[in-house]
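Descriptive analysis of the structure
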Amino acid sequence: MGRYEEWMREAIADARIALTTGDVPVAALVIAADGTVIGRGRNERELHQDPTAHAEVVAIRQAAETTGDWHLTGATLVVTLEPCVMCAGAILSARIPRVVFGAWDEKAGAAGSVYDVLRDRRLNHRAEVVAGVEAQACAALLLDFFDERR
């Protein structure tokens, strides 16, 4: 098992915690260049009634606080679901050079499915995208969540 898979499995475990708050089970980790977790987040929109409390934004905020710097230039963001446009903007603003995600988001994804904000050459910063890591496990978590609500 490679490091991306290992990190994604950790994110999947964190995503399950979001279920206890009624939030969509998505989680993100920000990993420093040395491999340590410097930021951890899960969806907290329902918990805090905050539309910006997506897993990626929560993890990026924590990583910036941990490092004392909003420039996360050596980091990798690992997230269970393809980032949306808002999260892609936050990733680029934080200068995160690599994003690893699990499941594709065919309705709102901004890393290659609906949009490709993270690799848009018109922007001043771009990120490498590694897609589909532990995709089945990430997708199953989301499918189970939404099936229970129907």
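The structure this text deals with has already been given above.
If you're wondering where the values come from, they're calculated on a predicted model, not measured in any experiment.

Here we come to a nonpolar patch on the surface. Residues Val 85, Val 114 and Tyr 115 make up a contiguous nonpolar surface patch of about 260 Å² in total accessible area. Tracing the backbone shows Val 114 in the loop between β4 (98-103) and β5 (128-130).

Moving on to the sheet that holds strand β3 (residues 76-81). Strands sit in the order β2-β1-β3-β4-β5 across an open sheet of 5 strands; the sheet is mixed. Whereas interior strands pair on both sides, the edge strands pair on one side only; in this sheet they are β2 (37-42) and β5. Along the sheet, successive strands turn relative to each other by an average axial angle of 15°, direction set aside. Here β3 runs beside β4; their pairing, made up of 5 bridges, is parallel. Paired with Val 78 across the strands is Val 100, a residue of β4. Strands in contact with helix α3 (residues 55-67) are β1 (27-31), β2 and β3; relative to β2, the strand with the most contacts, it is inclined by about 150°.

What follows deals with the nonpolar core. Formed by 45 residues in total, the largest nonpolar core has its most connected members in Met 8, Val 30, Ile 60, Leu 72, Leu 77 and Leu 118. Among the elements of the structure, α1 (3-18), β1, α3, β3, α4 (85-93), β4, β5 and α5 (135-149) are those that each provide at least two residues to this core. Here the element with the most residues in this core is α1; it accounts for 6 residues. Not counting residues within four places of it along the chain, the set of residues in contact with Leu 77 comprises Leu 29, Val 30, Glu 56, Ile 60, Ile 91, Ile 96, Arg 98, Val 99 and Val 100.

Cut-offs and rules
Residues numbered from 1 in each chain as written. Predicted model: local features only at pLDDT ≥ 70, side-chain atom pairs only at ≥ 80, totals over all residues. Heavy atoms only, no water. Patch = residues over 30% accessible without salt bridge, like charges linked within 9 Å, V, L, I, M, F, W, Y side chains within 5 Å. Areas by Shrake-Rupley, 256 points an atom, 1.4 Å probe, with all protein chains shown as cover. Salt bridge = Lys/Arg side-chain N within 4 Å of Asp/Glu carboxyl O. Helix = DSSP H or I, 4+ residues; strand = E, 2+ residues; numbered from the N terminus. Pairing = 2+ DSSP bridges. Axes fitted to C-alpha atoms, helices over the stretch in contact; angles between N-to-C directions. Contact = heavy atoms within 4.5 Å. Core = buried A, V, L, I, M, F, W, Y, C linked by side-chain atoms within 4.5 Å. Buried < 20%, exposed > 50% of the residue type's maximum accessible area, 1.4 Å probe, protein only.

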